[in-house]
Amino acid sequence: MPLLDVQDLRVDLPVEAGTLHAVRGIDLSVERGEMLCLVGESGCGKSMTSLALMGLLPRRARLSAGRLDFDGESLTALSERRRGQLRGRRMAMIFQEPMTALNPAYTLGNQLCEAFLRHRLGNRRQARERAIELLERVGISAAAERLAQYPHQLSGGLRQRVMIAMALMCDPDLIIADEPTTALDVTIQAQILRLLRDLQQEMGTAVIFITHDLGVVARIADRVAVMYAGEVIETALTQALYANPSHPYTRGLLSCIPAPGKTPPGSRLQAIPGVVPSLVGEVEGCAFRNRCPLVREGEVDAARCEHTPELRRLTGDHQARCHYAEHRAATRVAQPELSP
Amino acid sequence: MGTFIVRRLLVALGVALTISVVSFMLLHLSGDLATSIAGPEATAEQVAQIRVEYGLDRPIVSQYLDWLGGALQFDFGRSYYYQSTVIDLIVERMPITLTLGGLALGLAVCISIPLGVVAALKRDSWVDRLALLFAVVGQAMPSFWFGLTLIVVFAVTLKWLPAAGSGGLEHFILPAIALGYYATPAMMRLTRTGMLEVLESDYIRTARAKGLSTTSVIFKHALRNAIIPVVALAAVELGFMLGGSVVIESVFSLGGLGQLAWDAISRNDYPVVQAVVLIIALFYIVLTLLADVANAALDPRIRTR
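In the annotation of an unreviewed UniProt entry, the entry for chain B reads ABC transporter permease, and the organism field reads Salinicola endophyticus. Comment text from UniProt for chain B, heading Subcellular location (unreviewed entry), reads "Cell membrane". According to UniProt, the comment filed for chain B under the heading Sequence similarities (unreviewed entry) is "Belongs to the binding-protein-dependent transport system permease family. OppBC subfamily."

Have a look at this one:
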């Protein structure tokens, strides 16, 4: 039984022009100790998905799900009270902006110990010891003194380490990391990524890592789900996805990554032309067809793309939401290096 | 925190000195003092005599230093009008003004902050609308008119409370309500805006993601940050109430500092005017200092600045 089993998750937001379908029926499953990457460009519904899983959607948002099970328990059936007991305790979250995600008015110690005390895992002294232990584990020196410091006294990279330690305080089963490295310098990014990967393997915590950067995915993920316009359009084990990207959107994303040493200097960076369709109102047919190179170059029968494709199994775990997933595009894709 | 307070104290001292110069000079700028003290019918000799008598013939700097030296020992000279020293007049009226200001601010805080928080939490609900109506009415209604209405309803018609005079605490209830309501709308709106802004912030989302209770999220994480600008505003409001409650004091015939200042100005009672201006300015300085210290206690980022 997977730790997290999601089927047909939908999130609707009422907006002036009607209803915004931010998440349009996604299926996800996360095994214990697994790192799943959710990839997509901004506005594809990945953050809404993570907030839905945490139960932190804005009040006006409407959630529906065929199944939303966490460790065999249906989250939609839980009372707000029970949900609050899971949140922070068994599922924790790391946010994108370390500069603003910590409360400026309280010390790090106060904020670190808070969840531990709230979920009654021990007394103040134990909370403090755990906080020091975790701060050291995430690579913060002089951890005991840091507890008395305030967020503004720390750099962005340090703050994100504190956020990671904070998420780990209650030894959760699942951590949702929403673009945790996007706001950081590139060198710090690499450190934080390595840290997350190490911690995840050491503690056996399942992680849903949300990013728009396929280069990051290759370095850390066990499995990848690519999202587009509120749907999962391709999912596979990381190796399989990079070896054999089957949705034209995934191929487009991969070709957008310049590869050092392979992309000749001065050559044009690739981009996917066109814009994401509006998710206000119903989307008919394949959501990607107006930007799809297969359609544009007349390689496929565009009429078929007017019908909404299903997420189809190609081989083993590899699934894609494209009528022509088996069609090999003529354009070769520059693949980033996979870390061992 | 220690150095922060010392630094603020030094600034406050500088401001106080500057104000003492200004309040002293203002009177000398308003014309020849000896002439106005002597009155329109005085002869040139009488004016000259008054000039010598009051020390107005000496250089301005030495006059100022004398006055400042006295002021430092709470000696502001004698009133031209009343047969008593200025400091006695002030000491007599100060408790009235302080009681009125303190009660009014207390009332304003007790109403505006909870109302602002509830309005923010229940944004666009009927509670929010009602709070807005309450604020708009408070801002639009002249305080003297509201004071008079209170007198008509609670003193004249219902006979629950005295209409005027300064005796026991019951004399302060109606004026404190009138003055407090005047200070409430701005503080209420600022609390509401602050809460709305803070509730949208990332660290509130973090707090919720930890599974904290709603009470803890609102009071520990949100209110503490939302209240920071309100503290500064409350200090200014209190300063205003201590120095500028002339209208309310006259409506309720409370002989406070405001009333004293007003009378002194109309009677050319310069020593009293100078002293009251200086003392009210000192109130402001002390209140600003307290607000700064309170803000630094609430927001650690201010301490290191």
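*Asks:* Mind showing me how you'd approach the overall build of chain B here?
*Replies:* For chain B, the helix and strand inventory stands at 15 helices and 0 strands. A principal-axis box enclosing the C-alpha atoms of chain B has dimensions of 85 × 55 × 30 Å. Relative to its 305 residues, chain B shows a buried fraction of 35%. Partitioning the contacts of chain B with sequence separation of at least 6, the portion at a separation of at least 24 is 72%.

*Asks:* Please clarify how the overall build of chain A should be interpreted in this entry.
*Replies:* Broken down by element type, chain A carries 12 helices and 13 strands. Compactness check: chain A gives a C-alpha radius of gyration of 21 Å against a globular reference of 20 Å for 340 residues, within 12% of the reference. A principal-axis box enclosing the C-alpha atoms of chain A has dimensions of 65 × 50 × 40 Å. Partitioning the contacts of chain A with sequence separation of at least 6, the portion at a separation of at least 24 is 67%.

*Asks:* Whenever I open this one, the pairing of strand β3 (residues 35-39) of chain A confuses me. Can you help?
*Replies:* If a strand is regular, its side chains alternate between the two faces of the sheet. Residue and element names in this part refer to chain A. Buried residues dominate β3, accounting for 5 of its 5 residues. Of the two faces of β3, the one holding M35, C37 and V39 and the one holding L36 and L38 are both buried throughout. Note that β3 and strand β9 (residues 206-211) share 5 bridges and pair parallel. Bridged to L36 within β9 is I208.

The rules we used
- Residues numbered from 1 in each chain as written.
- Chains lettered and ligands numbered in written order.
- Predicted model: local features only at pLDDT ≥ 70, side-chain atom pairs only at ≥ 80, totals over all residues.
- UniProt positions renumbered as here; feature names shortened; annotations may be inferred.
- Helix = DSSP H or I, 4+ residues; strand = E, 2+ residues; numbered from the N terminus.
- Buried ≥ 20, exposed ≤ 12 C-beta atoms within 10 Å, placed from the backbone.
- Contact = placed C-beta atoms within 7 Å.
- Rg over C-alpha atoms; globule rule 2.2 N^0.38 Å.
- Pairing = 2+ DSSP bridges.

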